[in-house]
Amino acid sequence: MKTAIRLFMQNSKYAIVIGFGLVLLLMVTITVIGLVRMHSINLQMEAIVRDRETKSELVANLRSLSRERAVTVYSMLLMKDPFQLDDAVQHFSQLAGEFIRNRDELFRLNLNPVERATLLASQQKTRVSTQLMGHVVELIQAGKLAQAQEMLQIQAIPAQEQVFSLFNQLIKMEQRYTHVAVNNVAREYRSAVWMVGTLGGLAFVLGIGIMILVVRKSIRIERALFQEKERAEVTLHSIGDAVISTDLAGNVDYINPVAEQLTGWSADQAYGLPFWQIFNTVDEISRQSLDQPFAPDQLDGWMVGLNRHAVLISKTGAEFSIESSVTPIRNHGGATIGFVSVFHDVTVTRNMAQQLSWQASHDSLTGLTNRREFERCLAELLNSAKLTDHRHILIYMDLDQFKLVNDTSGHGAGDELLRQLAAIIQSHIRTHDTLARLGGDEFGVLLRECGIEQGRQTAEKLRQVIAEFRFVWKGKTFEVGASVGLVEVTANAENIAALLSAADAACYMAKDKGRNRVWVHEKDSAEMLQRHGEMQWVARITHAFEEKRFLLYYQNIVAVQPNQQRKEYCEILLRLEDESGRLVSPMSFIPAAERYGMMPLIDRWVIRTMFKWLLDNPGSTEQRCYAINISGQSLGDEHFVGFVIDQFHLSGISGEVICFEVTETAAIANLSQAMRFISVLRGIGCRFSLDDFGSGMSSFAYLKNLHVDSVKIDGAFVRDMVTDAVDYAMVEAINRIGQVMGIQTVAEFVENDAILKKLSILGVDYAQGYGIHKPAPLHLLCDKVRLPARGAA
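## Some thoughts on the overall build of the protein
Here comes step 1: Secondary structure assignment for the protein yields 26 helices and 24 strands.
Here comes step 2: For the protein, the proportion of its 793 residues judged to be buried stands at 46%.
Here comes step 3: A separation threshold of at least 6 residues defines the contact pool for the protein, and within that pool the share at least 24 residues apart is 67%.
Here comes step 4: Accessible area for the protein stands at about 39,900 Å²; split by element, carbon and sulfur atoms hold 55% of it.

Here it is, written out as structure tokens:
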């Protein structure tokens, strides 16, 4: 028995030793594993925080650079100094380079799929925003500020906001990932400590040394975690956004310096206070307090954006326009343990946006509503008339003698006159009526819920006020008047374009009737129908140019005297094909073109087209001379003679081939310009003919000053000269004066041989008319020009 007990005790001793050894070995093994695991956790934590810190810094830089570029573009719109604008453009380009560098550096980091997808989306949005901003900068450099403002407001700003939204998502994502990583590391750390502590307790006596080692290692890990926490807080202190975090009850437990500056509360003062006590926000428009979003049903997702028109009122009473969001902080189980609010100051950006919005709807000179906003208001009135059958009045005013002020005293005087008149007119209309500057010296008025008679009285009162106004500038006193057109806005109106067209036509009728008067538009009046037809021709002429439906015809002019020799002579005529392909007589569209100042455009087209035809048909200049008509408006254009000379230089055509025809009325009305035009072009060999002579002022004395080569006797005298003695005497007198002055004569409207015979007896040099040659397309002349060449071949 003793032997058995001894053996048992001995075996137990070995068993205890072996067991303790096994336990000790197990403890050592577990301890080593725990230490290795803790070290791995520490390295992982360092890597996570360092990675998140780098990513957060780069994303914050990208957002800051994007915001600075937007502010730079905003500032360009307000710059008037071209050198300052160039500096701003260079700064804009430098910001783009810095932005690309930060973005590329961010792409090189280890991004998870969600981060990379969000960054790629921001890259696409940034590319669109950058292109739009570039277009805005180009428009600003081109001086097209209105278009730049419109593009910036309608396209660039929304695109930029989308980019900011994506950057905000990235920052929130990094914050969320950081919080999740810290929670995960903390959980793993607690698990490791628990394991080591439990096993250490089982072998406390024998494993005291190992426990001390573990405790020391734990202390080092805690210090590392504290350092990482401090680093995270430094990161939050460094970003440009304000950050406030709270516990689950909404009491503040952290506030960064930016938030301190915006709220006016220091960290010590804010700690433990309810969030909404220091974050006092109201709606920018209604000024009502905004509701607190700290409720589970409001924060089902990761982030909730607050009111876009939020204004933060600081402790000192200062106000800041902000954009903000609230994100819940969740533990590893998904339960909410607190909240973090991120917001930033957008006061400058929002003020610029409001300023751009005002500029988009107002005239910068007078402060009145501009044409775009005026048309929007008119559309509202038209819609009101159609829905409620209310009647309104549209008044269109064009100042008389305004050009005189500009020409004699400069544009500064004209601008001041417009400002003073705007204030005077505004004071004589009702507060709910609309006054707008529609153009250079054009104003529009909308009278809401106003009958035609009351509208007429108001229009007459405004006309009288303008007429009585005396504008004084540097000792000079000017009087101006206004031609006023009035249109009633009723449910029968087609659209605002028709209303504006009718008002414009009524205004021009007031001008035609002597200016400084009011003309009420009447839809079925003969005068308004004629005016409306002319206005329609303006659009048709423009479309004809765009669709290349203008054509050149020619009509031969022949020598009347058999022994008279010279080159073949023809007049170039203008024709227009209508939308159905039928030819339209010039007398159908030329009056409209003259009334609305389109004749210089037509004259330039005729000259360019004719010179190109002459270049394409080299033989056309050898045996023929071409007469081209010039309008009075082109004669009055100081740049037109330069254009004609340029065409001669570019084409290389000799001036001797061209004869310019100017009507007697146009030449006398623009006598000094006509004399200069004739003198310059005669210097390069061109000939000149005075067209429709006898139809206008008919002063033969003008022929002494106008050095023309020929006069064209008005067809009104030629047509009936065989049967009408007075007409015969007129043709004879004009021809006799021409012969005495050495000026050749051309008779128009020669329709039969009897007229041609009479002209021959009188000694008229040339004749033109349907009885001699009917106008034909110019391209038919090409065949005649080429026939000698083919015959020679």
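From this point, things continue past the structure.
## Thoughts on helix α16 (residues 586-595)
Here comes step 1: If you check which residues of α16 are buried, you get Pro586, Phe589, Ile590, Ala592 and Ala593. Along α16, the residues classed as buried sweep out an arc of 165 degrees about the axis, all on the same side.
Here comes step 2: One or two residues past the end of α16 sits glycine 597, with phi positive at roughly 70 degrees.

## Re the environment of arginine 624
Here comes step 1: One can find arginine 624 in strand β18 (residues 624-630).
Here comes step 2: Remark: the alpha-carbon pair of arginine 624 and glutamate 656, spanning 32 residues in sequence, is separated by 9.9 Å.
Here comes step 3: If near-sequence neighbours (up to four positions away) are discounted, arginine 624 is found in contact with Asn556, Lys567, Glu568, Cys570, Val657 and Leu781.
Here comes step 4: Of the polar contacts made by the side chain of arginine 624, one reaches the side chain of glutamate 568; its length is 2.2 Å.

## Focus: the nonpolar core
Here comes step 1: With 71 residues, the main nonpolar core has Met610, Tyr626, Phe660 and Leu759 as its most contacted residues.
Here comes step 2: The biggest single contributor to this core is helix α17 (residues 599-616), with 9 residues.
Here comes step 3: Setting aside its immediate chain neighbours within four residues, methionine 610 contacts Leu552, Ile572, Tyr626, Ile628 and Leu778.
Here comes step 4: Residues Leu399, Val405, Leu417 and Val465 belong to the second largest nonpolar core, which totals 33 residues.

## A look at the pairing of strand β8 (residues 392-400)
Here comes step 1: Summarising burial for β8: 9 of the 9 residues are buried, a large majority.
Here comes step 2: Pairing of β8 with strand β13 (residues 481-489) involves 9 bridges; the strand directions are antiparallel. By the bridge assignment, isoleucine 395 is partnered in β13 with leucine 486.

## Comments concerning the confidence of the model for the protein
Here comes step 1: Confidence along the protein averages 80 in pLDDT terms, with 85% of residues attaining 70 or more.
Here comes step 2: The least confident element of the protein, judged by mean pLDDT, is strand β4 (residues 304-305) at 56; the most confident is strand β23 (residues 766-767) at 94.
Here comes step 3: Long-range and interchain partners of residues 4-17, a stretch whose pLDDT sits below 50, account for 4 contacts in this model, where long-range means more than four residues apart.
Here comes step 4: The model gives residues 786-793 a pLDDT under 50, and that stretch makes 3 contacts with residues more than four places away or in other chains.

## What about the side chain of glutamate 571?
Here comes step 1: Its place among the elements puts glutamate 571 in strand β16 (residues 568-577).
Here comes step 2: Residue classification places glutamate 571 among the buried residues on the basis of a relative accessible area of 6%.
Here comes step 3: Looking at glutamate 571, its side chain comes within polar contact range of the side chain of lysine 712, at 2.9 Å.
Here comes step 4: Of note is the side chain of glutamate 571, whose polar atom sits 2.6 Å from the side chain of glutamine 768.

## Quick look at the sheet that holds strand β14 (residues 518-520)
Here comes step 1: The 5 strands are arranged β9-β10-β8-β13-β14 in an open sheet whose pairing can be described as mixed. A single partner strand is all that each edge strand has here, and the edge strands are β9 (434-437) and β14. Geometrically, the sheet is characterised by an average inter-axis angle of 20 degrees between neighbouring strands, direction not taken into account.
Here comes step 2: Strands β8, β9 and β10 (442-447) of the sheet are contacted by helix α12 (residues 411-426), whose axis makes an angle of about 165 degrees with β9.

## Quick word on the pairing of β16
Here comes step 1: β16 sits mainly inside the fold: 8 of its 10 residues count as buried.
Here comes step 2: Two elements, strand β15 (residues 550-559) and β16, share 8 bridges in a ladder whose sense is antiparallel. Across the sheet, residue phenylalanine 550 finds its bridge partner in β16, namely leucine 576.
Here comes step 3: Where β16 meets β18, 4 bridges bridge the pair, whose relative direction is parallel. For tyrosine 569, the partnering residue across the bridge sits in β18 and is cysteine 625.
Here comes step 4: Bridge count between β16 and strand β17 (residues 583-584): 2 bridges; the pairing is antiparallel.

## What about helix α3 (residues 113-141)?
One turn of an α-helix holds 3.6 residues; hence residues three or four places apart share an orientation.
Here comes step 1: Between its first and last C-alpha atoms α3 spans 41 Å; for 29 residues at 1.5 Å apiece the expected length is 42 Å, and the two agree.
Here comes step 2: Immediately downstream of α3, the backbone of glycine 143 shows phi near 85 degrees, a positive value.

## Considering the packing of aromatic side chains
The description of two aromatic rings rests on the distance between their centres and on the angle between their planes.
Here comes step 1: Here the structure, examined in full by the defined rule, presents 19 aromatic pairs.
Here comes step 2: Ring centres of phenylalanine 469 and phenylalanine 471 lie 6.4 Å apart, and the angle between their planes is 35 degrees; on these two criteria the pair is classed as tilted.
Here comes step 3: Taking the centre distance of 4.9 Å and the plane angle of 65 degrees together, the rings of phenylalanine 611 and phenylalanine 648 count as edge-to-face. Residue phenylalanine 611 is located in helix α17, and its partner phenylalanine 648 is located in helix α19 (residues 640-651); the two are separated by 37 residues in the primary sequence.

## Focus on the pattern of salt bridges
Here comes step 1: A complete count under the given rule lists 25 salt bridges for this structure.
Here comes step 2: Here arginine 371 and glutamate 375 are joined by a salt bridge, their closest N and O atoms 3.3 Å apart. Of this pair, arginine 371 and glutamate 375 both sit in helix α10 (residues 371-388), separated by 4 residues, roughly a single helical turn.
Here comes step 3: The class for arginine 371 is partly exposed, based on a relative accessible area of 32%.
Here comes step 4: According to the relative accessible area criterion, glutamate 375 is partly exposed, its value standing at 25%.
Here comes step 5: Across the pair aspartate 433 and arginine 430 runs a salt bridge whose closest N-O atoms are separated by 2.7 Å.
Here comes step 6: With a relative accessible area of 27%, arginine 430 lands in the partly exposed category.
Here comes step 7: One continuous salt-bridge network, built from bridges that share partners, spans Asp398, Asp400, Lys511 and Arg515.

What counts, and where the lines are drawn
- Residues numbered from 1 in each chain as written.
- Predicted model: local features only at pLDDT ≥ 70, side-chain atom pairs only at ≥ 80, totals over all residues.
- Heavy atoms only, no water.
- Helix = DSSP H or I, 4+ residues; strand = E, 2+ residues; numbered from the N terminus.
- Buried < 20%, exposed > 50% of the residue type's maximum accessible area, 1.4 Å probe, protein only.
- Contact = heavy atoms within 4.5 Å.
- Areas by Shrake-Rupley, 256 points an atom, 1.4 Å probe, with all protein chains shown as cover.
- Arc of directions from axis to C-beta.
- Polar contact = N/O pair within 3.5 Å; in protein donor to acceptor, adjacent residues only side chain to side chain.
- Core = buried A, V, L, I, M, F, W, Y, C linked by side-chain atoms within 4.5 Å.
- Pairing = 2+ DSSP bridges.
- pLDDT = per-residue confidence, 0-100.
- Axes fitted to C-alpha atoms, helices over the stretch in contact; angles between N-to-C directions.
- Expected span 1.5 Å × (residues − 1).
- Phe/Tyr/Trp six-rings, centres within 6.5 Å; stacked < 30°, edge-to-face > 60°.
- Salt bridge = Lys/Arg side-chain N within 4 Å of Asp/Glu carboxyl O.

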